[in-house]
Amino acid sequence: MLVDLITVLVLLSLLIATIWRPPVAYAAVVVTFALEQWAQAAGSYFARHSAALNYLVGLIVLAGLIASLAKGKRVLGAIESVYVCMVLFLGFALLSTTWMVERQMALSIFWYAAPYLATYALAVPLIFCEKDDFRVALVATAIVGCFAVPALAFGTSLHAWGRTIETATAVVDRYGRENTRLNPLAVASYAGTVVLTFLLGHVGKTSRLLGLAGWVIVPIGMFLIVRSGSRGQFFGVVLAGALMVKFSYPGLRLGRLFGWVLGLAVLAATAYFTVTLFSTESTRFDVTHGYNEYMGTRGIMVTRLMEEWLTSSPMNIMFGLGMASSWMILGTYPHVQVVEVLCELGLFGFAFATIIMLTTMWKFGLGLQITKRDLAQRGAMVAFGGFTLL
């Protein structure tokens, strides 16, 4: 009961803060699945009503859009070419279901994801209307992370099989199915986002106390990633931090840059070896074990999916087998997004996705030029760039 109450108070605080500063809604979106897992593991209401927290976060985003309009911000006027491309890309994905045999199943998968796509991909970007909005969103993410990361690390326990957070009460999804093990990737992705927020975002420029808190939150965040056994997120955080740090500190000399990267490596190694000593999942980070596991699972799935695509008609090679065809062919997703896009949406969809990525990189470069003289603004821009690498 107490955990449920705290969760509601956190969401209420985010709602009030969003009405005051609309970009705070981004912090609510980022923490959604992590906060949900903590609430489901230690509480009871959100375990029985698994979609409730998602709807509440959707209301917070809606409140952010309304508040932006009420404050006279140019919500629609701030739409960028990347946003238009993303809308068209999603439209093409939906169109691809028209030439699928299992069209109804593909549509059911799409409509299942539609509320999340509408919130995360379409609504949230509209809240960012001004340059300072990125800094506000990042500071809010850091503040929420100071609560959520320790809560997940010390307020939850792993299932006997490892990796996944165990719930005391079975979580009931929208189809009535019960589950007592929660998605480890959701926790790892959130922890990685918070770690990069503190490493790259210069949140200490806004609040010295927040900057000091980062020295505590970053190691706990790395611990969460490794505890979840999420290799991709672990190496993604390390690589993103190492690659983006030079952009975050434009005047950083080589000696200081080496020291920062070395410190990041020491931090990652400390988190890794700490968990290696106490976790049964340490073998997941062994290179040989990871390679063999990949080839025995995802490698096989990727090969099967590529064969299905390459032996199909020329039309399918050009425009894809159709959205969600990976699930229909394999019974799951291989989690290799490049291959999924190529096979499901064809050469045309792959080229479309490439254009979106290249345009995003170009916009990122422009953002670096605009924020060259403002370290806090630049840190926010670089941190968001780092998020795309996770």
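The structure reproduced in this document is the subject of the present report.

What counts as what
Residues numbered from 1 in each chain as written. Predicted model: local features only at pLDDT ≥ 70, side-chain atom pairs only at ≥ 80, totals over all residues. Heavy atoms only, no water. Helix = DSSP H or I, 4+ residues; strand = E, 2+ residues; numbered from the N terminus. Contact = heavy atoms within 4.5 Å. Axes fitted to C-alpha atoms, helices over the stretch in contact; angles between N-to-C directions. Parallel < 35°, antiparallel > 145°, perpendicular 65-115°, else oblique. Nonpolar A, V, L, I, M, F, W, Y, C, P; charged D, E, K, R; others polar. Expected span 1.5 Å × (residues − 1). Bend = angle between axes of the 7 residues up to and from the residue. Buried < 20%, exposed > 50% of the residue type's maximum accessible area, 1.4 Å probe, protein only. Core = buried A, V, L, I, M, F, W, Y, C linked by side-chain atoms within 4.5 Å. Phe/Tyr/Trp six-rings, centres within 6.5 Å; stacked < 30°, edge-to-face > 60°. Lys NZ or Arg CZ within 6 Å of the ring centre and 35° of its normal.

With that out of the way, let us pick up the environment of Y26. With respect to the element layout, Y26 can be found in helix α2 (residues 25–42). Spatially, the C-alpha atoms of Y26 and V124 are 6.7 Å apart, while their sequence positions differ by 98 residues. When residues no more than four places from it in sequence are discounted, the contact partners of Y26 are V124, F128, A137, T141, F384 and F387.

The next subject is the packing of helix α1 (residues 2–20) against α2. Between α1 and α2, the shortest axis-to-axis distance is 10 Å and the interhelical angle comes to 175°. Compared by their axis directions, α1 and α2 come out roughly antiparallel. Counted together, V3, D4, I6, T7, V10, L11, L14 and T18 of α1 and A25, A28, L35, W38, A39 and A42 of α2 form the full contact between these two elements. When its residues are assigned to classes, the contact of α1 with α2 shows eleven nonpolar, two polar and one charged.

Between its first and last C-alpha, helix α9 (residues 208–227) extends 29 Å over 20 residues, near the 28 Å set by a 1.5 Å rise per residue. When the local axis directions of α9 are compared, the greatest deviation, roughly 35°, occurs at W215, which is followed within four positions by the proline P219. For α9, the full list of buried residues reads L210, G214, I217, V218, I220, G221, M222, L224, I225, V226 and R227.

Once that is clear, we can look at the environment of I66. If you trace the backbone, I66 turns up in helix α4 (residues 52–70). Taking the C-alpha atoms as reference, I66 lies 9.4 Å from I127; in sequence the two are 61 residues apart.

Attention now moves to helix α10 (residues 231–248). Between its first and last C-alpha, α10 extends 25 Å over 18 residues, near the 26 Å set by a 1.5 Å rise per residue. Of all bends in α10, the biggest is about 30°, found at A242. Among all positions in α10, only R231, Q233, F234, G236, V237, A240, G241, M244, V245 and S248 are buried.

Counting 75 residues, the largest nonpolar core has Y26, L152, Y190, F198 and L200 as the members making the most contacts within it. If sequence neighbours within four positions are ignored, L152 has contacts with A34, W38, I165, V187, Y190, L224 and R227. One finds F89, A93, F110 and A324 within the second-largest nonpolar core, a separate group that totals twelve residues.

Our next topic: the packing of aromatic side chains. A ring pair, where both rings are aromatic, is described by two values, the distance of the centres and the angle of the planes. Taken as a whole, this structure holds 17 aromatic pairs when the rule is applied. Judged by centre distance (6.3 Å) and plane angle (50°), the rings of F92 and W99 are tilted. Judged by relative accessible area, W99 falls into the partly exposed class, the value being 25%. An angle of 65° between the planes, with centres 5.0 Å apart, marks the rings of F92 and F348 as edge-to-face. One end of the pair, F92, is in helix α5 (residues 81–95); the other, F348, is in helix α16 (residues 337–370), with 256 residues separating them in the sequence. Residue F92 is classed as buried on the basis of its relative accessible area of 8%. Among the aromatic residues, those joined into a cluster by ring pairs are F89, F92, W99, F319, F348 and F352. Over the face of the ring belonging to W20 we find R21, whose NZ or CZ atom lies 5.8 Å from the ring centre.

Let's shift gears to unusual backbone geometry. The residue H202 is not glycine, and still its phi comes out positive at about 55°. Tracing the chain through its elements places H202 in the loop between α8 (184–200) and α9. Accessibility expressed as a relative area gives 9% for H202, which makes it buried. Positive phi is not limited to glycine here, since A324 has a value of about 70°. Mapped onto the elements, A324 comes out in the loop between α14 (314–319) and α15 (325–330).

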